[in-house]
Amino acid sequence: MKPLTFSGNGNSTTDEESMSFLPLDNEGPKTKNNRSRGKFCLPWMLEYIAFMILILCAVLLKVLHGHLTRHSAGEVAQWENLRLDNIHNWCLNENTEACFCASPLTPKSRHGHRTWTQAHLQNIKDAARRRDYSMDVVFLGDSITEGWKGTSFGQAVEHKKDNVQVFESMFDSKKGGDRNGLVLGIAGDKAPNLLWRVQNGELPESLEAKVFWILIGTNDFLKDGLEHCSAEVVVMGVKRVVEEVRILKPNATVVINQILPRAPGTHYGLLYEDKETTNVTNAIKKVNSELTVFCDQYDNVDCFDASDIFIRHNTTFNGVAGEYIPNDLMKDHLHPTTEGYIQWGQKIVDKLQEIDMSERSNV
């Protein structure tokens, strides 16, 4: 292959001509005046490009400013008490600092963990499909919430399949339910994970609901034996999620479902069987107590206590030592059974009716 050459004769195209954006001059080689015109165009083009870049930067700054303003107006005013330096003890065990607790105020995804991403994307699709009509209630949470769908990480689970019929009988008007509900839960999620999800597509502007029902926090205490986070950390994470939902859905009522009792690994579901279960039980009660105070501060935030559904008392023990979770309501003493969902769901329906009556009386 011959190398490219640039000839200076009148029948060839000069280097400057081949690089020009102007039509070739068929009358002959470029004159000095044409070169001057090319030199004149170059600064003009640079100025034009610089001008367009400035316009683009101005638009981006406006968008960014709007995003920051949205949160500064809300976060500074509404989250003034949600500061990490207000956490005096991060670990569940006050005598140790050997715990791995993430910031309860920082949203965090779980991309790469099992089928979490697929479950999140499915939630986005489910939320988008509800844009044509208003929902009565949207459930946000972890595996306990996802259990209503009979799935875990978006995958069907055999022993949870009957939960679907229970949900439809209460929260699907097309299947005989008095309400219409949507489930947006993913197994294993902690408060920062739920916070990330609601900020990234699961609560679109088009999704309208009278009530957003939040149950989150049990995994923040203890998940796979790693976190062991304190009540201070957990309650701050729950509040942070609630404040985000309030900003995204200012006209809705937010219900905080207080954290359900848990006693996995125990023989009889006793909440005070061993030291670890005792510590978690006491921390859950502390969180629930603080959430009650938090709810009382707002007209559109309410708390729901389900402890009377899942906690029984063994009279052979004295005081709280006899508190336990029945096997028929939580076989693993962590996730509700189908019967547990039935009893819990009936109480939820009653609570929604109570909210409706309260709203009508205030009109």
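Residues numbered from 1 in each chain as written. Predicted model: local features only at pLDDT ≥ 70, side-chain atom pairs only at ≥ 80, totals over all residues. Heavy atoms only, no water.

Draft legend 1. Examining the confidence of the model for the protein chain more closely. Per-residue confidence for the protein chain gives a mean pLDDT of 84; residues scoring 70 or more make up 80%. For the stretch residues 1-33, pLDDT sits under 50, and the model shows 17 contacts to residues farther than four places along the chain or on other chains. Scored below 50 in pLDDT, residues 62-78 makes 16 contacts in the model with residues more than four places away or belonging to other chains. (pLDDT = per-residue confidence, 0-100. Contact = heavy atoms within 4.5 Å.)

Draft legend 2. Region of interest: unusual backbone geometry. Backbone geometry places Phe153, a non-glycine residue, at a positive phi of 55°. Counting through the fold element by element, Phe153 comes out in the loop between β2 (151-152) and β3 (155-156). With phi around 60°, His333 is a residue other than glycine that occupies positive phi space. Assessed through its relative accessible area of 4%, His333 is described here as buried. (Helix = DSSP H or I, 4+ residues; strand = E, 2+ residues; numbered from the N terminus. Buried < 20%, exposed > 50% of the residue type's maximum accessible area, 1.4 Å probe, protein only.)

Draft legend 3. Focus on the state of the cysteines. Tallied over the entire structure, the rule returns 3 disulfides. Residue pairing for Cys91: its cysteine sulfur links by disulfide to Cys99, the two sulfurs lying 2.0 Å apart. Across the S-S bond of Cys91 and Cys99 the torsion is about -80°, and the bridge reads as left-handed. Numbered by order of appearance in the sequence, the disulfide-linked cysteines of the protein chain pair as 1-2, 3-4, 5-6. (Disulfide = S-S within 2.5 Å.)

Draft legend 4. Representation of the nonpolar core within the structure. Membership of the largest hydrophobic core comes to 48 residues, with the highest contact counts inside it found for Val138, Leu140, Leu207, Phe212, Ile214, Phe221 and Ile256. Mapped by element, the contributors of at least two residues to this core are β1 (135-141), β4 (181-185), α6 (191-199), β5 (209-215), α8 (231-248), β6 (253-257), α9 (275-295) and β7 (301-304). If you tally residues by element for this core, the top one is α8, at 9 residues. Those residues within four positions of Val138 in sequence are excluded, and the remaining contacts are Leu182, Leu184, Leu207, Ala209, Val211, Phe212 and Trp213. Listed in part, the 28 residues of the second largest apolar core include Val166, Met170, Trp213 and Leu271. (Core = buried A, V, L, I, M, F, W, Y, C linked by side-chain atoms within 4.5 Å.)

Draft legend 5. Just helix α11 (residues 338-362), in detail. The end-to-end C-alpha separation of α11 is 36 Å, in line with the 36 Å expected for 25 residues at 1.5 Å each. For α11, the set of buried residues is Gly340, Tyr341, Trp344, Gly345, Ile348, Lys351, Leu352, Ile355 and Asp356. (Expected span 1.5 Å × (residues − 1).)

Draft legend 6. Layout of the pairing of β7. Taken together, the 4 bridges between β6 and β7 define a ladder with parallel strand orientation. Bridged to Val255 within β7 is Asp302. Crossover connection from β6 via α9 to parallel β7: handedness right-handed. (Pairing = 2+ DSSP bridges. Right-handed = clockwise from strand over helix to strand, strands pointing away.)

Draft legend 7. Region of interest: the pattern of salt bridges. For the coordinates displayed, the defined rule picks out 15 salt bridges. The partner of Asp189 in a salt bridge is Arg197, with the nearest N and O atoms 2.7 Å apart. (Salt bridge = Lys/Arg side-chain N within 4 Å of Asp/Glu carboxyl O.)

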